[in-house]
Amino acid sequence: MTSPNSPASPASPASSAANKPKDPLHGLTLEAIVTALADYFGWDELGQRIEIRCFQLDPSVASSLKFLRKTPWARAKVESLYLFMLREQARQSPSANR
């Protein structure tokens, strides 16, 4: 039996999380990602960048979520484009060091 004053084990979740690189997708819902992409690119450009019908024909967040939750390859493309968008936004924002 362990006492409440015993030190945390080395494999505790807090210590392992500190060793991992920060994942920019961690904690984001697919809905938040699709909404951000649609706001940033617009549905027309989003449908050109990722050629799937839910972005091209009568696009909506709801129809996109339904398709992307069932289709891993399409979800991977959406997540990849989201990471690209984050890099573009970071490049365009003024640096605090200037």
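Before reading further, recall that the structure is shown in the block above.
Residues numbered from 1 in each chain as written. Predicted model: local features only at pLDDT ≥ 70, side-chain atom pairs only at ≥ 80, totals over all residues. Heavy atoms only, no water.

Asks: Describe the pattern of salt bridges, naming the residues involved and giving the relevant values.
Replies: Opposite charge on two side chains allows them to pair when their charged atoms are near. Inspection of every chain in the model, using the stated rule, returns 3 salt bridges. Of the charged contacts, one joins E45 and R49 as a salt bridge, the two residues approaching to 2.7 Å between their closest N and O atoms. Of this pair, E45 and R49 are both found in helix 3 (residues 43–49), 4 residues apart, which corresponds to roughly one turn of the helix. A salt bridge links E79 to R75, with the nearest nitrogen and oxygen atoms 3.1 Å apart. Of this pair, E79 and R75 are both found in helix 6 (residues 72–92), 4 residues apart, which corresponds to roughly one turn of the helix. Its relative accessible area of 22% is what places E79 among the partly exposed residues. (Salt bridge = Lys/Arg side-chain N within 4 Å of Asp/Glu carboxyl O. Helix = DSSP H or I, 4+ residues; strand = E, 2+ residues; numbered from the N terminus. Buried < 20%, exposed > 50% of the residue type's maximum accessible area, 1.4 Å probe, protein only.)

Asks: Tell me about the packing of aromatic side chains, and name the residues and values.
Replies: With the rule as written, the count across this model stands at 3 aromatic pairs. Summarising the aromatic geometry, the rings of W43 and F55 are spaced 5.9 Å apart at their centres and angled 45° between planes, so their arrangement reads as tilted. In this pair, W43 is assigned in helix 3 and F55 in helix 4 (residues 53–56), connecting sequence segments 12 residues apart. Residue classification places W43 among the partly exposed positions, given a relative accessible area of 24%. Note on F55: relative accessible area 1%, which makes it buried. Look at F67 and W73: their rings are 6.4 Å apart centre to centre, the planes differ by 80°, and that puts the pair in the edge-to-face class. (Phe/Tyr/Trp six-rings, centres within 6.5 Å; stacked < 30°, edge-to-face > 60°.)

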